[in-house]
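Remarks on the overall topology
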Amino acid sequence: MTKTLQAALAPLMIIGSFCSLGLFEYPLGHPRPYLSYLYFLAIWSFLTYFIYYPVYLMAWRLIHPVTFLMQTTVLITAIISILVSFFYFKELKMCLHELSLVDDIMEAIGAPKEYQRLRKWIIRIIILWIVYIFQNLAEVIYFTWFGLNLDFDGIYKCCVINYPKFVHVLSALIWGTILGLVCKHLF
């Protein structure tokens with residue numbers, strides 16, 4: 001019965017694993033931690049060495065210190081939230097297993113399972129998250145292209161600077177969905 005709850009949450013978990021917020025699971029239920037750790041190290045090492053370090057080194061002298069501190073805090077908390085999600089992945093799977101047991105008990109009592117509706121809701125959440133990303137990137141491109149008159153490399157760096165913010169939003173969506181499922185079963 002866990003398969004149905006995991007199948008309903010699969011789109012959110014797949015997107016989360018590509019943003020390093022969970023472990024890759026090739027056959028469903030078999031996590032690949034080494035592949036996930038290697039992916040995390042490769043992506044964030046590349047971003048830190050080629051994007052964040054040069055941009056923040058230049059921005060240190062150009063922007064207001066509060067803005068610089070805010071951007072640095074967002075970057076550090078994004079990396080910390082990714083590491084925390086790796087650490088609590090096993091507990092998350094146990095929570096999902098217990099939620100599926102509660103769903104089985106509620107089904108035995110006579111309450112219908114709502115996995116199809118949950119899956120559609122999660123797909124809508126992912127679509128809205130993608131729309132948010134494209135809206136944010138379009139805004140950055142518009143203001144940097146016309147306002148600052150930057151080339152493609154400058155626009156690329158401005159867009160990648162927002163990546164930790166997108167990771168935060170996706171992490172909040174994942175944990176909000178899990179907390180919503182827990183609260184639904186408590187009340």
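Every chain's residues receive numbers from 1 upward, in the order its sequence appears when written. Owing to the predicted nature of the model, reporting of local features is limited to residues with pLDDT of at least 70; listing and counting of side-chain atom pairs is limited to 80 or more, with chain, interface and lining totals taken over all residues. Water and hydrogen atoms play no part in the side-chain values, which are based on all heavy atoms of the structure.

- In the annotation of an unreviewed UniProt entry, the protein chain is listed under the name Gustatory receptor and assigned to Mycetomoellerius zeteki.

1. Examining the overall build of the protein chain
- A tally of helices and strands in the protein chain yields seven helices and two strands.
- What counts as a helix is a DSSP run of H or I of at least four residues, what counts as a strand is a run of E of at least two, and both are numbered from the N terminus. Helices (α) and strands (β) of the protein chain occur, in sequence order from the N terminus, as α-β-β-α-α-α-α-α-α.
- In terms of overall dimensions, the protein chain has C-alpha extents of about 65 × 35 × 30 Å along its principal axes.
- The proportion of buried residues among the 187 residues of the protein chain is 36%.
- Contacts are assigned to residue pairs with any non-hydrogen atoms lying within 4.5 Å of each other. Within the protein chain, counting contacts between residues at least 6 apart in sequence, those at least 24 apart form 74% of the total. Burial classes: relative accessible area under 20% of the type maximum marks a residue as buried, over 50% as exposed, and values in between as partly exposed (1.4 Å probe, protein chains only).

2. Observations regarding the nonpolar core
- To qualify as a nonpolar core, a set must consist of buried Ala, Val, Leu, Ile, Met, Phe, Trp, Tyr and Cys residues joined through side-chain atoms within 4.5 Å. Among the nonpolar cores identified, the biggest contains 42 residues, and L5, W44 and Y52 are the most heavily contacted of them.
- Residue assignment for this core shows that the elements contributing at least two residues are α1 (2–18), α2 (33–62), α3 (65–87), α4 (89–109), α5 (115–147), α6 (152–161) and α7 (163–186).
- Broken down by element, this core gets its largest block of residues, eight residues, from α5.
- Here L5 is in contact with L96, L99, S100, Y115, L118 and L181, once residues within four sequence places are set aside.

3. Some points on the layout of surface pockets
- A cavity here means a set of points on a 1 Å grid, drawn over the protein atoms and nothing else, where a 1.4 Å probe fits but cannot get out; a pocket is an open set with protein on both sides within 12 Å along at least five of seven lines, and a residue lines either one if it has an atom within 4 Å of a point. Grid points are joined across faces, edges and corners, and a volume is the space filled by probe spheres set on the points. Put simply, the largest pocket is a space of about 780 Å³.
- Taken together, 25 residues line the largest pocket, and the ones lying closest to its centre are Q71, T144, C158, I161 and N162.
- Mapped by element, the contributors of at least two residues to the lining of the largest pocket are α2, α3, α5 and α6.
- Ranked by the residues each element gives to the lining of the largest pocket, the list is headed by α2, at six residues.
- Nonpolar residues are Ala, Val, Leu, Ile, Met, Phe, Trp, Tyr, Cys and Pro. Charged residues are Asp, Glu, Lys and Arg, and all others, Gly as well, are polar. Residue classes in the lining of the largest pocket are distributed as 15 nonpolar, six polar and four charged.

4. Here we look at the packing of α5 against α6
- Relative orientation of the contacting elements α5 and α6 amounts to 145°, with a least axis distance of 10 Å. As α5 runs across α6, the sense of the crossing is right-handed. Mapping the contact onto sequence places L137, V140, I141, T144 and W145 in α5 and I155, C158 and C159 in α6.
- Classifying every residue of the contact of α5 with α6 gives seven nonpolar, one polar and no charged. Comment: axis = line fitted to C-alpha atoms, over the contacting stretch for helices; angle = value between 0 and 180 degrees taken between N-to-C directions. Crossings are classed by handedness, with left-handed meaning an anticlockwise turn of the near helix from the far one by less than a right angle and right-handed meaning a clockwise turn.

5. Quick notes on the pattern of salt bridges
- For this analysis, a salt bridge means a side-chain nitrogen from Lys or Arg found within 4 Å of a carboxyl oxygen belonging to Asp or Glu. If you walk through the whole model with that rule in mind, you get one salt bridge.
- Among the salt bridges present, the one from K93 reaches E25, with a minimum N-O distance of 3.3 Å. Of the two residues, K93 sits in helix α4 while E25 sits in strand β1 (residues 24–25), which places them 68 residues apart along the sequence.

6. Some remarks on the environment of R117
- Inspection of the secondary structure assignment puts R117 in helix α5.
- For R117, a relative accessible area of 58% puts it in the exposed group.
- Between the alpha carbons of R117 and A8 there is a distance of 8.7 Å; along the sequence they are 109 residues apart.

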